[in-house]
Amino acid sequence: MSKVAYYPGCSGQGTSLEYDRSTRAVCAAVGLELVDVPDWSCCGSSPAHTVNHVLSAALSARNLDLAHSLGLDVVATPCPSCLTNLRNAALEMEDEAFRDTVNALLDRPCAGRVDPQSVLQVLVEQVGVDEVARRVTRPLTGLRVACYYGCIMNRPPERMRFDDHENPMAMDRLMEAAGAEVAPFPLKVECCGASFGVPRGDIVARLSGKLLDAARGLGVDAVVTACPLCQMNLDLRQSQINAALREHFRIPVFYYTQLLGLALDVPRSELGLDRLCVDPRLALGKIKAPAPVR
Amino acid sequence: MRIGVFICHCGSNIAGTVDVAAVARAAAKFPDVAYATDTMYACSEPGQEGIVQAVQELQLDGVVVASCTPRMHEPTFRRTVERAGINRYFFEMANIREHVSWIGKNTERNTAKAIELVRMAVEKLRRNRPLIPKRFDVVKRVLIIGGGVAGIQAALDCADGGQEVVLVEREQSIGGKMAKLDKTFPTIDCSSCVLGPKMVDVGQHPKITLHTLAEIESVSGYVGNFQVTIRKKARFVDWSKCTGCGLCMEKCPSRKAPDPFNEGLCTAPSINIPFPQAIPKKAAINPDTCIMKQKGKCGLCAKICPVKCIDFDQQDELVTVDVGAIVVATGYDLFDWHKYPQYGQGRYPDVITSLQYERLLSASGPTGGHIKRPSDGKEPKTVVFIQCVGSRDRSVDRPYCSGFCCMYTAKQAILTKDHIPDSQSYVFYMDIRSPGKGYDEFTRRAMEEYGAQYVRGRVSMIYPKGDQLVVRGADTLAGTQVEVAADLVVLAVGAEAARGAVALGEKLRVVPDQYGFFVESHPKLKPVETNTAGVFLAGACQGPKDIPASVGQGSAAAAKVLALLSKDQLESDPQVSRVTPARCVGCGKCVQTCPFGAIKLVEDRFGNPKAEVVETVCQGCGICTVTCPQGAIQLEHFTDNQILAEVNALCPPRIRVNYAS
C-alpha cells in the first residue's frame, strides 16, 4: 500500500469541502494512504505570492518541512493552486541564498526535500490507471463528460513536470477507467478567470462562459474538474454567467474524485454531491445500471 | 638550417593587440633563425614576394609565418615557398590571430603568447623533412546522391560537361520536393512544367545512369578514386520490361495505405507509379501493404500485366561503382509539426501542412486541383496560414529560419484567392523575410492585390468549434488578442535535415551541424565544398534553400566537379603514416583502429606479419600512431620528435635532451 503526506489546503476546509472528503474517500478506496501534514498552515497562495516571494515561500517551506518530518518524500495536495505554490517554493529553495533568506523567517529551518504532487498525479503515477480500473465496481457507463484541468495544473511545464501542458490526459484516462465516455475537450487548459473572481465578474463570465459553451457543443452531460477555483467559477457562478451572457447553461460540474467515488462504490454521503449548485441528478441519471454479472 | 620568420600584422586584426615587432625581435634569437621581420599582410602579393625574395637572397631553408589559421592560408604559403625553390613542407604556420589576437585584449600577454607559438613553430620546422607527393589517376565519373532539383541540375551540368554521371535517388522517382509543388514563386509558373523536361533529360541522357529506389550502402576510397556500393532495393517489378502502362495500379485490390507522394491526403495502391510525370515511369510494389507479399495470395497484378514483369521474389541488389567525385544533394525534410500540442497534434483533420496544401492545389493531386477540406470535402471560405511552425522556435529546437516559408505562404494565399474568389486568407507571421529577386513585390501583391490579411503574431492555440476551427493568436501590432473562425488551417512547416542525413554523412565523412545539415568547407568562399576532398554539396542538404538557390548550387557543385575531373592525375597528400618495419611486431592494433581501412597486414620476407599503410587511402589522422604500442608508426610531418619539440619549446625540460635526431 503506497503512502503519501497529504496537504488539504484551505479551500478544502470551506468552499470545496466535498473535494477534500471525496479525495480522502477515493484514495482509501484505491489503497492509497494519506497521512495528514500535522499543524499545516496556509501555503501562501493567491495573496502572499503576489506580494512577497520570500514570505510566500516561507509559508510553503513550513508546510514542506512538516511534511518531511513524517518521513515521506511526496506530499500530495488536491488543489492546483497549493500545488503551484508548494512546488515553486520547493524548487526555489534549491538556491542556497534564497533558502537562507527563507529559513531566517522560520522557527525551524526547512531542511529535507519533499516533492509536492497533485493527488491526480499520485493516483495516475503511484496507484496507476489500470489499478483504479480494476477496482471500479459501478462503472459510469452512459455518462459523457468533458475533463477540464484549468490553466495551472500542468503549467509552467518545466516546473510542474506532469502530463502534457497543452493536452493533459491524466483525468481523461481516470474517467475512462471509471467507465465514463470522455469527449475530447479542446479548452481543457484554458483559464476560467479565477483570479478575477472578485474584481471583474464580467471577465469571469466571458472566460467561463466560453468553457461552458464549448462543453455544451460537445454534447456532454457534465464537466469534470480538479481545481476548487475552476469548480466554483463554473458551478457556483453558472447562474451569474447565464445572466451576464443571456445563456441557459445547465451543466453540472463535478470534481473528478466525486465521479471516481461513485464508480468505486464509495458511499454517496462521503462525496458531497449535495453541495453542487447545478443539479447533478439529470446527469447522474444517465448512468446505466451495470449489466448483471452471470 | 637557416629559417626565416614572418610576423603578419593582418591589418589591425593581429597588430591591434600583439606587438608584432617585438615578436619578430624575439624570433630572431631562436636557434637556426637567420631572418625575422614583421609584414603588413603576409598573404598579399607584396607579402608573398617578400618571403620569396628573403628565401632567395638569404638562402633560407625554411619559413615560419605567424598569421591566421592554417585552414585559411597554409596552402597559399606552401605555394609561396615552393615558388622560392624549397620543399613546401619546410613551411610552418603559427596561428596568432584565432589563437591569440582575436581572443585576448591584453597586448603584453598576447605578445608573450605569440612569441611562444612562434618558438614552437620554429622548433618543429627544425625537424621537418622534405615530403614528395605521389600522383595517381582520376576516375572520370561522378556520383550524385539525391534526385531533387539540385541533384538533377548537378547531374545534367556534369553530363553536359562530358562526364559520366551516376544518379542515386532514394524514392521511386526523381523530382524531389519540387515535383510535389503546384506552382512556384514569384512567377506562379507550374512547378512540374519547369521541372518535368529536366527530369526527362535526366532519364534520356546517354551519360547519366539513374538508380532510383536506391541508397548508398558504403563509400570507400579518396578523392579521384571513390568506390561506392549502392543498394538497389527490391521493387518486385522487372524494370527492364515494365512499360509504365499502369494497368496493375488500376486492378490492385490493396489501396488502403496512405499515398506518400500526396502527403497522405489520399491512398495509393500497393503497386504504384507515384505520379504521372515520374522518371523512370515504372511501377514498384510496396511490400508492406501488398497482399501477396504479406499473406501470400492475390497476385492480380502479375496476372494482368501485359509484359509479365512482376517478380515477387526479387531481392535487393548491390551495385558497385568507381567515381572520382561525389555530389551530395539529399535535400531536406519537413518539420514534424506534431511536436506542437497547441496545434492539435494531428487531432483535427482540417489542420494540414503546407505541402499537403500544395497537393490540394495541384491539378494532379488527390482532389484534381480543387481545394477541399480533408474532413468533409467542403470548399473552405476562410483559410488561416500559420508561419514559422518549426522555424525560429527555440522551444522545439529549431532556432533557425527556414527561409522559404514566407514566400510559399504568400504564394498559397494568392492561389487560394485564384481557386476560390470569395475566400479570405489570414496569415499569422512573425516578420516577412523575402529578400530574393522579385520576392518582396510578390508578398506585397498577396496583401494588396489578393487581400490576404497579414497578422503579426504567433498563434497560441487552435480548437474546433462546430465544423470550424478557432485560431486564437495575438496581433502584436494592434496589441490585442485575435480569434479567427477558420474552415482550414495551413501550417507553414519549416525545413529540417533529411532523415538519414547524419548516417550518410558518416559514410561520406561529411560533418553535419547540430541540426543535421551538412557543413560546407567555408561559409563564404567554399560554399559547395566539404572538408572531405572530392565531396561536394548542393541544395538544401546544406541548409534550407528555395528552388533558385538550389539550382544555382547544383550548377556550382557541377562546376567544381568538372574542374576536378578535368585533371588526368591528382597529387596525394604525403602527410600520411609510415611504418618502421624493424620496430613493427605485427600486432594489428593499428589495423583495427584505422577508421579509413588504410592499414593492412602483410608478411615480410621471413613470413613475419607487418603493418603496411596504403598511402592513397590514409587521411593522416594519426590514430594509428598513438595506438601502436611499439611506436613503429609515425605520421609524416607530425612525428613524435616534432611534436615533442613543440612541447619542449613551450615548457622546456629541466634536463636538456637532444631531440634533433
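Structure: above.
Conventions and cut-offs
- Residues numbered from 1 in each chain as written.
- Chains lettered and ligands numbered in written order.
- Predicted model: local features only at pLDDT ≥ 70, side-chain atom pairs only at ≥ 80, totals over all residues.
- Heavy atoms only, no water.
- Pairing = 2+ DSSP bridges.
- Helix = DSSP H or I, 4+ residues; strand = E, 2+ residues; numbered from the N terminus.
- Right-handed = clockwise from strand over helix to strand, strands pointing away.
- Buried < 20%, exposed > 50% of the residue type's maximum accessible area, 1.4 Å probe, protein only.
- Axes fitted to C-alpha atoms, helices over the stretch in contact; angles between N-to-C directions.
- Contact = heavy atoms within 4.5 Å.
- Buried area = accessible area lost by both parts, 1.4 Å probe.
- Salt bridge = Lys/Arg side-chain N within 4 Å of Asp/Glu carboxyl O.
- Polar contact = N/O pair within 3.5 Å; in protein donor to acceptor, adjacent residues only side chain to side chain.
- Core = buried A, V, L, I, M, F, W, Y, C linked by side-chain atoms within 4.5 Å.
- Expected span 1.5 Å × (residues − 1).
- Left-handed = near helix turned anticlockwise from the far one by under 90°.
- Phe/Tyr/Trp six-rings, centres within 6.5 Å; stacked < 30°, edge-to-face > 60°.
- Lys NZ or Arg CZ within 6 Å of the ring centre and 35° of its normal.
- Disulfide = S-S within 2.5 Å.

### Description of the pairing of strand β1 (residues 2–6) of chain A
Residues and elements named next belong to chain A.
- Taken together, the 5 bridges between β1 and strand β2 (residues 32–36) define a ladder with parallel strand orientation. In the strand pairing of β2, Tyr6 is matched with Asp36.
- Following the backbone out of β1, through helix α1 (residues 17–29) and into the adjacent parallel β2, one traces a crossover that is right-handed.
- Examined bridge by bridge, β1 and strand β3 (residues 74–77) share 2 bridges and lie parallel to one another. Note that in β3 the partner of Ala5 across the bridge is Val75.

### Remarks on the pairing of strand β5 (residues 144–148) of chain A
Residues and elements named next belong to chain A.
- Across the 5 residues of β5, 4 count as buried, placing the element largely inside the fold.
- When β5 meets strand β6 (residues 181–183), the two strands line up parallel, connected through 3 bridges. The residue bridging Ala146 from the neighbouring strand is Ala183, located in β6.

### Some details on the sheet that holds strand β20 (residues 351–353) of chain B
Residue and element names in this part refer to chain B.
- Reading across the sheet, the 5 strands line up as β20-β27-β21-β22-β23 and stay open at both edges, with parallel pairing between neighbours. Because the sheet does not close on itself, it has two edges, and the strands there are β20 and β23 (453–456). Going from strand to strand, the sheet's axes swing by 25° on average, the running direction of each strand aside.
- As defined by bridge partners, β20 adjoins strand β27 (residues 488–493) across 3 bridges and the pair is classed as parallel. Following the sheet pairing, Val351 is matched in β27 by Val489.

### With respect to the interface of chain A and chain B
- With 8 residues of chain A in contact, the opposing surface of chain B contributes 11 residues.
- Of the roughly 800 Å² buried between chain A and chain B, counting both surfaces, carbon and sulfur atoms make up 50%.
- When the buried surface of chain A facing chain B is broken down by residue, Glu166(A), Asn167(A) and Pro186(A) rank first, second and third, together holding 49% of it.
- Run the count over chain A and chain B and you get 3 salt bridges.
- Of the charged contacts in the structure, one is a salt bridge between Lys465(B) and Asp213(A), with a shortest N-O distance of 3.2 Å.
- Viewed at the interface, chain B and chain A are joined by 4 residue pairs in polar contact (both at pLDDT 80 or more).

### Some words on the nonpolar core
- Ranked by internal contacts, the top residues of the largest apolar core, which has 73 residues, are Val142(B), Ile271(B), Ile285(B) and Val327(B).
- Those elements that provide at least two residues to this core are β6 (141–145), α7 (149–160), β7 (164–168), α8 (191–204), β16 (284–285), β18 (325–328), α16 (547–565) and β33 (609–613) of chain B.
- In this view, Val142(B) contacts Cys158(B), Glu164(B), Val165(B), Val166(B), Val323(B), Ala325(B), Val327(B), Val561(B) and Leu565(B); residues no more than four positions away in its chain are not counted.
- Residues Val119(A), Val122(A), Val129(A) and Ala170(A) belong to the second largest nonpolar core, which totals 53 residues.

### Observations regarding helix α6 (residues 107–125) of chain B
- Here α6(B) is 19 residues long and its end C-alpha atoms lie 27 Å apart, about the 27 Å a rise of 1.5 Å per residue gives.
- Within the span of α6(B), buried status applies to Asn110(B), Thr111(B), Ala114(B), Ile115(B), Leu117(B), Val118(B), Met120(B), Ala121(B), Val122(B), Glu123(B), Lys124(B) and Leu125(B).

### Remarks on the packing of helix α2 (residues 20–27) of chain B against α6(B)
All names here are of chain B.
- It is at 9 Å that the axes of α2 and α6 come closest, and there the two elements cross at 40°. Our pair here, α2 against α6, has a crossing hand that is right-handed. Seen from α2, the contacting residues are Ala22, Val23, Ala26 and Ala27; seen from α6, they are Thr111, Ala114, Ile115 and Val118.

### What about the sheet that holds strand β4 (residues 91–95) of chain B?
Residue and element names in this part refer to chain B.
- Across the sheet, which stays open at both edges, the 4 strands sit in the order β2-β1-β3-β4 with parallel pairing between neighbours. Two strands lie at the open edges of the sheet, namely β2 (33–39) and β4, each paired on one side alone. Averaged over all adjacent pairs, the angle separating strand axes in this sheet is 15°, with direction ignored.
- Here 5 bridges tie strand β3 (residues 62–67) to β4, and the two strands are oriented parallel to one another. The residue of β4 that forms the bridge with Ser67 is Asn95.
- Across the face of the sheet, α2 comes into contact with β1 (3–8) and β2 while running at roughly 175° to β2.
- Against the sheet, α6 makes contact with β1, β2, β3 and β4, and its axis sits at roughly 160° relative to β4, the strand it touches most.

### Observations regarding the packing of aromatic side chains
- Summed over all chains, the structure comprises 17 aromatic pairs over all chains.
- For the ring pair Tyr19(A) and Tyr256(A), a centre distance of 6.3 Å and an interplane angle of 75° mean the geometry is edge-to-face. With Tyr19(A) in helix α1 and Tyr256(A) in helix α13 (residues 256–263), this residue pair connects regions lying 237 residues apart in the sequence. Each of the two residues, Tyr19(A) as well as Tyr256(A), counts as buried.
- Relative to Phe517(B), the ring of Tyr400(B) has its centre 5.6 Å away and its plane inclined at 80°; by these criteria the two rings are edge-to-face. Taken together, the residues Tyr400(B) in the loop between β21 (382–389) and α13 (405–419) and Phe517(B) in the loop between α15 (501–508) and β29 (535–537) connect sequence positions 117 residues apart.
- Accessibility expressed as a relative area gives 3% for Phe517(B), which makes it buried.
- Over the aromatic face of Phe638(B) sits the side chain of Lys124(B), whose NZ or CZ is 4.5 Å from the ring centroid.
- Stacked on the ring of Trp239(B), the Lys or Arg Arg235(B) has its end atom at 4.3 Å from the ring centre.

### Here's the deal with the state of the cysteines
All names here are of chain B.
- For the structure on display, the rule yields 1 disulfide over all chains.
- Unpaired in terms of disulfides, Cys10 finds its nearest cysteine sulfur in Cys8, a separation of 5.1 Å.
- On the basis of relative accessible area, Cys10 is assigned to the buried category, the value being 13%.
- Counting only cysteine sulfurs, Cys309 is the nearest neighbor of Cys305, a cysteine outside any disulfide, at a range of 3.5 Å.

Geometric descriptors of this kind do not, in isolation, establish any biological role.
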